[in-house]
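Listed below, chain by chain, are the residues.
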Amino acid sequence: MSDIEKKLLLCLLSFYREFGPGATPGLKGLDEEAEIAPWELPEAVKSLRARGLIEYWELQPAVRLTPEGLQAVLRIEEGSPG
């Protein structure tokens, strides 16, 4: 998993902790929240979505952690290989 993907997952974890499991932040501004470059966000979303770690809604567009994504980011946070 790339550092960019890890940053995005950790950012989504903070939304999860603040707003609960239904936290679904919009993509606009998420790059700034995750401290990644704007052009890095689409590829990170695509990669994490392909692995089933996040859900994606095109209409908003928005993302949120899946149960598998939550497990993965908690391992990252603990320092285990992700």
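Before any of the text, the structure's been laid out above.
Rules of the game
- Residues numbered from 1 in each chain as written.
- Predicted model: local features only at pLDDT ≥ 70, side-chain atom pairs only at ≥ 80, totals over all residues.
- Heavy atoms only, no water.
- Phe/Tyr/Trp six-rings, centres within 6.5 Å; stacked < 30°, edge-to-face > 60°.
- Helix = DSSP H or I, 4+ residues; strand = E, 2+ residues; numbered from the N terminus.
- Buried < 20%, exposed > 50% of the residue type's maximum accessible area, 1.4 Å probe, protein only.
- Core = buried A, V, L, I, M, F, W, Y, C linked by side-chain atoms within 4.5 Å.
- Contact = heavy atoms within 4.5 Å.
- Salt bridge = Lys/Arg side-chain N within 4 Å of Asp/Glu carboxyl O.
- 1 Å grid on protein atoms, 1.4 Å probe; cavity = no way out; pocket = protein on both sides within 12 Å on 5 of 7 lines; lining within 4 Å.
- Points joined across faces, edges and corners; volume = space filled by probe spheres on them.
- Nonpolar A, V, L, I, M, F, W, Y, C, P; charged D, E, K, R; others polar.

A. The packing of aromatic side chains, seen in detail. Per the counting criterion, the structure on display carries one aromatic pair. When the ring of Phe-15 is compared with that of Phe-19, the centres are 6.1 Å apart and the planes differ by 25°; the resulting orientation is stacked. With Phe-15 and Phe-19 both in helix H1 (residues 3-19), this residue pair falls four residues apart, about one helical turn. For Phe-15, a relative accessible area of 17% translates into the label buried.

B. Inspection of the nonpolar core at higher detail. In this structure, Leu-8, Leu-9, Leu-30 and Ile-54 are the most contacted members of the largest nonpolar core, which totals 23 residues. The set of elements that each furnish at least two residues to this core consists of H1, helix H2 (30-34), helix H3 (41-50), strand S2 (62-65) and helix H4 (67-78). Looking at which element gives the most residues to this core, the answer is H1, with six residues. When sequence neighbours within four positions are dropped, the list of residues in contact with Leu-9 reads Met-1, Leu-48, Leu-53, Ile-54, Leu-65, Val-73 and Ile-76.

C. Inspection of the pattern of salt bridges at higher detail. As enumerated under the stated definition, the model contains three salt bridges in all. The residue Glu-5 makes a salt bridge to Arg-51 at a minimum N-O spacing of 2.6 Å. Separated by 46 residues along the polypeptide, Glu-5 in helix H1 and Arg-51 in the loop between H3 and strand S1 (54-57) bring together distant segments of the chain.

D. Region of the structure containing empty space enclosed by the protein. For the structure on display, the rule yields one cavity of 30 Å³ or more. Approximately 50 Å³ is the volume found for the largest cavity. Residue lining of the largest cavity: Leu-12, Tyr-16, Gly-20, Pro-21, Ala-23, Pro-25, Arg-64 and Leu-65, and that is the complete set. For the lining of the largest cavity, the secondary-structure elements that each account for two or more residues are H1 and S2. Counted by class, the lining of the largest cavity contains six nonpolar, one polar and one charged residues.

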